[in-house]
Amino acid sequence: MECVVQGIIETQHVEALEVLLHGLSGVPKERVRVHELCLKSGPNLGVVPSEVRLLCDLAQPTPSWTIRHVGGAMRGAGAEQISVLVRTIVESKASKNVLHYFYTLGYKLDHELLKIGFAFRFHRGAQIIVTVTSTNKMPRLHATDEAVPVTPGIQLVEITAPAAADNYNDVVSAVSAFCEYLAPLLHLSKPGHSTGIVATAGAAAASLMSSGGGKTL
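For the chain, the name recorded in an unreviewed UniProt entry is Mediator of RNA polymerase II transcription subunit 18, with Miscanthus lutarioriparius as its organism. You can read under Sequence similarities (unreviewed entry) in the UniProt record for the chain the words "Belongs to the Mediator complex subunit 18 family." You can read under Subcellular location (unreviewed entry) in the UniProt record for the chain the words "Nucleus".

(A) Examining unusual backbone geometry more closely. Its identity as a non-glycine residue notwithstanding, histidine 142 has a phi of 60°, on the positive side. Here histidine 142 lies in the loop between strand S7 (127-137) and strand S8 (148-149).

(B) Geometry of helix H5 (residues 201-211). Along H5, the residues that are buried comprise Ala201, Ala204, Ala205 and Leu208. Projected down its long axis, H5 carries its buried residues within an arc of 100°, all on one side. Residues Ala203, Ser210 and Ser211 are exposed on H5 and point more than 90 degrees away from its buried face. Where H5 is buried, its residues contact helix H1 (14-25).

(C) The environment of valine 5, seen in detail. With respect to the helices and strands, valine 5 occurs in strand S1 (residues 2-10). With relative accessibility at 1%, the residue valine 5 sits in the buried group. Along the primary structure valine 5 and leucine 85 are separated by 80 residues, whereas in three dimensions their C-alpha atoms are 6.5 Å apart. Discounting chain neighbours no more than four positions away, the residues touching valine 5 are Ser83, Val84, Val157, Glu158, Ile159, Val175, Cys179, Leu188 and Ser189.

(D) Quick look at the pairing of strand S9 (residues 154-162). Pairing geometry for S1 and S9, over nine bridges, is antiparallel. Paired with isoleucine 8 across the two strands is leucine 156, which belongs to S9. Where S7 lies against S9, five bridges are found, and the strand directions are antiparallel. Pairing of threonine 131 across the sheet is with glutamate 158, part of S9.

(E) Seen up close, the pairing of S7. Judged by how many residues are buried, S7 sits mostly within the fold: eight of eleven residues are covered. With ten bridges joining them, strand S6 (residues 108-123) and S7 adopt antiparallel strand pairing. Its bridge partner lying in S7, alanine 119 is registered against threonine 131. The turn joining S6 and S7, which pair antiparallel and follow one another in sequence, is formed by three residues; a positive phi near 85° is taken by glycine 125. Both S7 and S8 contribute to a ladder of two bridges, which runs antiparallel. Looking across to S8, one finds that asparagine 136 is bridged to proline 149.

Conventions and cut-offs
- Residues numbered from 1 in each chain as written.
- Predicted model: local features only at pLDDT ≥ 70, side-chain atom pairs only at ≥ 80, totals over all residues.
- Heavy atoms only, no water.
- UniProt positions renumbered as here; feature names shortened; annotations may be inferred.
- Helix = DSSP H or I, 4+ residues; strand = E, 2+ residues; numbered from the N terminus.
- Buried < 20%, exposed > 50% of the residue type's maximum accessible area, 1.4 Å probe, protein only.
- Arc of directions from axis to C-beta.
- Contact = heavy atoms within 4.5 Å.
- Pairing = 2+ DSSP bridges.

This is the structure:
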């Protein structure tokens, strides 16, 4: 399973966020360029539809493929009281023929996106991954070189952390604590519950850029 929160930030403040993340993590950023294909099952695969995402990492010298299936979120009174979404997730590496394989099974392409940006991976109470990306759409099938932003001027920030049934409470606490450091720039919440742009983002970004923000906290 994993813990996840999301938020949005104006592109003009992304550089300040990068400075802050570098200072908090003490690690260099990683380049993100991922071609994401969302496939949905056809009627021949059962009454209950299923969805799978194929991720092609284009930032690597040799593109690599990952199969990703996002399961249901944790439910109950405890889940409602925390600000982090806890959900099941299954990922596995795949060969370059994986798309053809799923087509053969009867899956159909629902939509595809290209996510471009950067990520920081570090340990701070838990293994945390912060990705900052722009979401882009293709004018024609698989034309990643022609991708254009879906929401110009806005980028998605996502924090994820792997968890297990016996430690997710600790991971939730670590993610929540880390979100507090980013609060002046953006609000992070469960996916689907975005509260928009933070009013203090401009002033916070200006302060970060003027101070350099490079010291590890």
